[in-house]
Amino acid sequence: MTDQPACRIEHDAFGPVEIPADRYWGGQTQRALGVFEIGDERFPAALVRTFGLQKLAAARANRRLGTIDPILADAIEAAARELWEGRFDDHFPLTIWQTGSGTQTNMNANEVIANRANEALGHPLGRRQPIHPNDHVNRSQSSNDSFPTVMHLSTAIELRNGLLPALGLLRDTLAAKAREFEDIVKIGRTHMMDAVPMTVGQGFDAFARQIGLGIDRVEATMPRLYLLAQGGTAVGSGLNAPDGFDEVFCAEVASLSGLPFLPNPSKFEGMGAHDSLVEVSGALNVLAVSLIKIANDIRLLASGPRCGLGELVLPDDGLSSSIMPGKRNPTIAEALVQVAFQVIGNHATISAAGASGSFELNVAKPVLVHNLLQSIRLLTDGSRIFATKLVRGLDVDRERLAANVADALLLATVLNPILGYDRVADITKKALSENLTPRAAGIALGYVTGEDYDRIVDPKTMVAPVPR
């Protein structure tokens, strides 16, 4: 026989419901489990814990405005802080596939906090007294303003604590490589074909610039994230919330989080539309595009080691082929590209979800924030790993680069102002068809002497713009 977990019986507005005895969720969450049997995608801890922050700030605001007994507020605050600190991650069993307002997860938070607060006051789980999940934990709130508030809070916090530091690390690591390789000349490529000289450092400087601009784009979205819908309650009018609740709430959550959150001047906009979150995803989409470009360039430049371009040398990650002994692959670059693909796909979902506001309420909140937080987490981890386990250990094959430069046909481009385009075209054509260096071809055609060629065609002088 299999031991069955003990259960308790709770009673809500619809009657009795059976709940595992050791779970802190309540009747509404349990009922939702039986209704929304869809998938297994669950909200990340970042969102679950942010509900603790939101409920903590709401309890403080209610206390300050005199709408809740201080003794009850104390217990709610303590329980909400435990939720914020991660103690109750395992007590949020619902998938993201639920009501489009996120009501079931908001109720899940209310029930967990109420049960924990009542337990701390000496009462058994499920009693719903003296602290009620709706009457006290959800006081002055609705799912319709609380869930979008949590969406903004969790997104802003994850950007500040995770993605922006990771991007800063990647930018700085790329910039360090740009300085390290600033004097190493190579042949540039356009249309995947040989072009004129540049330095390896200039290529990495471009990469660092892409990430720096990506950071700027993300940071530019933050002011809209700081505007919170809390206080709008059901439709944006603030019904059942005391005057000033939005301002006091934002002051409390700003103090707790260290971020400058403010009341959204239009709660109707903050609840019916999520354009600010779509804007964040748009910035992440650009970052994904940048990362694909950077990762692909690096893995192509490192292709080989003997039959590819072989200009860059990847650090050894200790992994190999299942059939080809000793084969080394650009595994981290490939993982980052896949991360970027997911972020681009997430942006399509987030865009559709953001467009799904119906009158006073967007009804695709759970899938929107799930995908947005996933994008942030993936880009955070991917950028950090790419910086520390690949870019930081990159080196160059100096001998191969020097050989490429010495044999490059298009070094002759620097002769254009002296010989004219057509004569230089003759040089490159003869060099290619007869397997000559451009120097030898120019001399054979009688267009230039060896001495003049060596004086004029110096790759090191061709890698920087002419001073103005």
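Refer to the structure above for everything that follows.
(A) The arrangement of unusual backbone geometry in detail. Of the consecutive residues Q129 and P130, the connecting peptide bond is found in the cis state with omega at 0 degrees. Looking at the secondary structure, you find P130 in the loop between α4 (103–120) and α5 (133–137). Here the residue pair G304 and P305 is connected by a cis peptide bond, since its omega of 15 degrees sits within 30 degrees of zero. Inspection of the secondary structure assignment puts P305 in the loop between α10 (275–301) and β7 (312–313). Residue F359 is not a glycine yet carries a positive backbone phi of 55 degrees. Take F359: it is sitting in the loop between β8 (357–358) and β9 (361–362). At N435, a residue that is not glycine, the phi angle is positive and equals roughly 55 degrees. Along the chain, the position of N435 falls in the loop between α15 (421–434) and α16 (438–445).

(B) Spatial organisation of the packing of aromatic side chains. Throughout the structure, instances matching the rule amount to 7 aromatic pairs. Seen in terms of ring centroids, F43 and F147 are 5.9 Å apart; in terms of plane orientation they differ by 55 degrees. Their pairing is tilted. On the criterion of sequence distance, the pair formed by F43 in the loop between α1 (27–35) and α2 (45–64) and F147 in helix α6 (residues 143–180) is long-range, its members being 104 residues apart. Neither residue differs from the other here; F43 and F147 are each classed as buried. An angle of 25 degrees between the planes, with centres 6.2 Å apart, marks the rings of F245 and F249 as stacked. Separated by 4 residues within a single helix, F245 and F249 lie in helix α8 (residues 245–257), roughly one turn from each other. Three or more aromatic residues joined by ring pairs form one cluster here, namely F43, F51 and F147.

The rules we used
- One numbering rule holds for all chains: residues counted from 1, following each sequence as written.
- Reporting in this predicted model follows two pLDDT cut-offs: at least 70 for local features of residues, and 80 or more for side-chain atom pairs to be given and counted; totals over whole chains, interfaces and linings ignore these cut-offs and use all residues.
- Side-chain descriptors were evaluated using all non-hydrogen atoms of the structure, hydrogens and water having been removed beforehand.
- Every helix listed is a DSSP run of H or I at least four residues long, and every strand listed is a run of E at least two residues long, numbered separately from the N terminus.
- Each pair of aromatic rings taken from Phe, Tyr and Trp, with Trp reduced to its six-membered ring, is defined by centres within 6.5 Å and is described as stacked if the planes are under 30 degrees apart, edge-to-face if over 60, and tilted in the remaining cases.
- Three labels apply to residues, based on accessible area from a 1.4 Å probe with only protein chains included: buried if under 20% of the type maximum, exposed if over 50%, partly exposed otherwise in between.

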